Amino acid sequence: MPYGAAMQADYLDSDPAYVKAFLDHCDLILPMNELKVVMLRPDRDTFHFEPADRIVDLAVSNGLTTRGHTHIWHGGTPAWMEAITDPADLERELVRHIETVMDHYRGRVPSWDVVNEVIAHEPTPSQPLRDSTWLRTMGPRHIPVAFKAAQNADPKARLVLNDYDLEFKGPRYDQRRAIALSLVRQLQDAGIRIDGVGIQGHLYAEIPIDIEAVAAFGEDLKRLGVRLIVTELDVIDWNIPGGPAEQDAAAYAVVRDFLDGVFASGPPEAVVTWGITDRYSWIPDVMPRRDGQPTRPLPLDANFRPKSWHELIMQRVRLPA
Ligand code: XIL
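Reading guide: rules and limits
- Residues numbered from 1 in each chain as written.
- Predicted model: local features only at pLDDT ≥ 70, side-chain atom pairs only at ≥ 80, totals over all residues.
- Heavy atoms only, no water.
- Near = heavy atom within 4 Å.
- Polar contact = N/O pair within 3.5 Å; in protein donor to acceptor, adjacent residues only side chain to side chain.
- Areas by Shrake-Rupley, 256 points an atom, 1.4 Å probe, with all protein chains shown as cover.
- Core = buried A, V, L, I, M, F, W, Y, C linked by side-chain atoms within 4.5 Å.
- Buried < 20%, exposed > 50% of the residue type's maximum accessible area, 1.4 Å probe, protein only.
- Helix = DSSP H or I, 4+ residues; strand = E, 2+ residues; numbered from the N terminus.
- Contact = heavy atoms within 4.5 Å.
- Axes fitted to C-alpha atoms, helices over the stretch in contact; angles between N-to-C directions.
- Left-handed = near helix turned anticlockwise from the far one by under 90°.
- Salt bridge = Lys/Arg side-chain N within 4 Å of Asp/Glu carboxyl O.
- Phe/Tyr/Trp six-rings, centres within 6.5 Å; stacked < 30°, edge-to-face > 60°.
- Lys NZ or Arg CZ within 6 Å of the ring centre and 35° of its normal.

K.L.:
Which residues make up the site of the ligand, and what are the values?
P.N.:
Around the ligand sit 13 residues, and of these Lys 36, His 69, Asn 116, Glu 232 and Trp 274 come closest. At 2.8 Å, a side-chain N or O of Lys 36 approaches an oxygen atom of the ligand. Contact distances for the ligand include 3.1 Å between a nitrogen atom and a side-chain N or O atom of Glu 117. Isolated, the ligand exposes 410 Å² of accessible area, and the fraction of that covered by the protein chains is 77%.

K.L.:
Break down the nonpolar core for me, with residues and values.
P.N.:
Counting 94 residues, the largest nonpolar core has Ile 29, Tyr 105, Trp 112, Phe 147, Leu 233, Val 255 and Phe 258 as the members making the most contacts within it. In terms of residue count, helix α10 (residues 244–263) provides more of this core than any other element does, eight residues in total. With near-sequence residues (within four places) excluded, Tyr 105 lies in contact with Leu 35, Phe 49, Ala 52, Asp 53, Val 56 and Trp 112. Counting residues in each nonpolar core, the second largest holds nine residues, with Ala 6, Leu 28, Ile 229 and Trp 274 among its members.

K.L.:
How would you sum up the packing of helix α5 (residues 87–105) against helix α7 (residues 142–153)? Please name residues and give values.
P.N.:
Where α5 contacts α7, the axes come no closer than 9 Å and their chain directions differ by 30°. Crossing geometry of α5 relative to α7 is assigned as right-handed. Only His 142, Val 145, Ala 146, Ala 149, Ala 150 and Ala 153 of α7 make contact with α5, whose side of the interface consists of Glu 91, Leu 94, Val 95, Ile 98, Glu 99 and Met 102.

K.L.:
Just give me the short version of the side chain of Asp 163, but keep the residues and values in it.
P.N.:
Mapping Asp 163 onto the fold places it in strand β7 (residues 158–163). On the basis of relative accessible area, Asp 163 is assigned to the buried category, the value being 0%. Of note is the side chain of Asp 163, whose polar atom sits 3.2 Å from the backbone nitrogen of Val 118. Excluding its chain neighbours within four sequence positions, the residues that come into contact with Asp 163 are Glu 117, Val 118, Ile 119, Arg 176, Gly 198, Ile 199 and Gln 200.

K.L.:
Summarise the pattern of salt bridges; cite the residues concerned and give the values.
P.N.:
Applying the stated rule across the entire model yields 27 salt bridges. Residue Lys 20 pairs with Asp 24 through a salt bridge whose shortest N-O separation is 2.6 Å. Here Lys 20 and its partner Asp 24 are both found in helix α1 (residues 16–25), four residues apart, which amounts to about one turn of the helix. For Arg 92, the salt bridge is made with Asp 89, and the minimal N-O distance between the two is 3.8 Å. With Arg 92 and Asp 89 both in helix α5 and three residues apart, this pair spans about one turn of that helix.

K.L.:
A description of the packing of aromatic side chains should follow, citing residues and the corresponding values.
P.N.:
Under the defined criterion, the tally for this structure stands at nine aromatic pairs. Ring centres 3.7 Å apart and planes at 15° place the aromatic pair Tyr 11 and Tyr 280 in the stacked group. With Tyr 11 in the loop between β1 (3–7) and α1 and Tyr 280 in the loop between β11 (271–273) and α11 (283–286), this pair connects stretches of sequence that are 269 residues apart. What makes Tyr 11 partly exposed here is its relative accessible area of 22%. Residue class for Tyr 280 comes out buried when judged on its relative accessible area of 15%. Arranged with centres 5.3 Å apart and planes meeting at 75°, the rings of Phe 168 and Tyr 173 form a pair that is edge-to-face. By way of ring pairs, the aromatic residues Tyr 11, Tyr 18, Phe 22 and Tyr 280 are connected into one cluster. The ring of Tyr 164 carries the charged tip of Arg 176 above its face, separated from the ring centre by 4.3 Å. The aromatic ring of Phe 263 is capped on one face by Arg 316, whose charged end is 4.7 Å from the ring centroid.

Below, the structure is given as structure tokens:
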């Protein structure tokens, strides 16, 4: 079972130690941002593959695997695409996008986050899905259309629905898990393949994991023939008082509980962290610590020293199922 991490092309040339860390520790390397439509397609006629190609080529030439992230994401849709208001036009563009990108990577990128974060942040029974340009223009069918296009474009690729806030306790999280399951069933009922549900795993160090609920979620998916995959693991430690020792102890505990829940239904497709080193992460930009001290979201510290929860992941992924 692969352990992997998301890589940013920005640091490929500037930081050799960064590249070495991935090669030392990973079975899988994927582009963090470079395959998002907003990065790939500054305008409608351009496919700017070069930055993502560098990462995919690095993985493949080192005998590692990779993943694609992502075709549909409300946070990564370019303005020109958001400006398309005709549903048929948007559908044509979506299908053309998926076909072109998956065609480019066929045989090299075996697993794709087809849709990302399509579940409403705070779902209600009447509004289960994310309010996005996709939902507003195409309606809920943007999801099956995307999966169908992906399946046609690369029949061998594993197709994943990826989302966040699927691991905590409480009605909002129960609701989000139920919607994920229902989306899987709807695709299957329509005869469309889905292979995996990505549980991003942006964990909050102070929010307990609902181990039983994650285990049950994995079992429910397994019954549908769908596997869990951990796609974006990191730890948000903004509310943990103290210093590095306290931050790392809290991170260890929450990652341990999370992996216990995820692995309860069998090994996931992969465990992927959202970056590899505290030197580069989105967490301090979006969720900085109140005391102004550095956040410690990733398995290697800013000097590439593995933390105890890095070892925890290694034990889990190396263990026979
Ligand atoms: C984030 C990246 O880490 C940042 O570098 C970028 O500026 C914005 O996107 N959920 C996702 C990811 O699915 O794509 C996001 O990645 C983090 C939240």
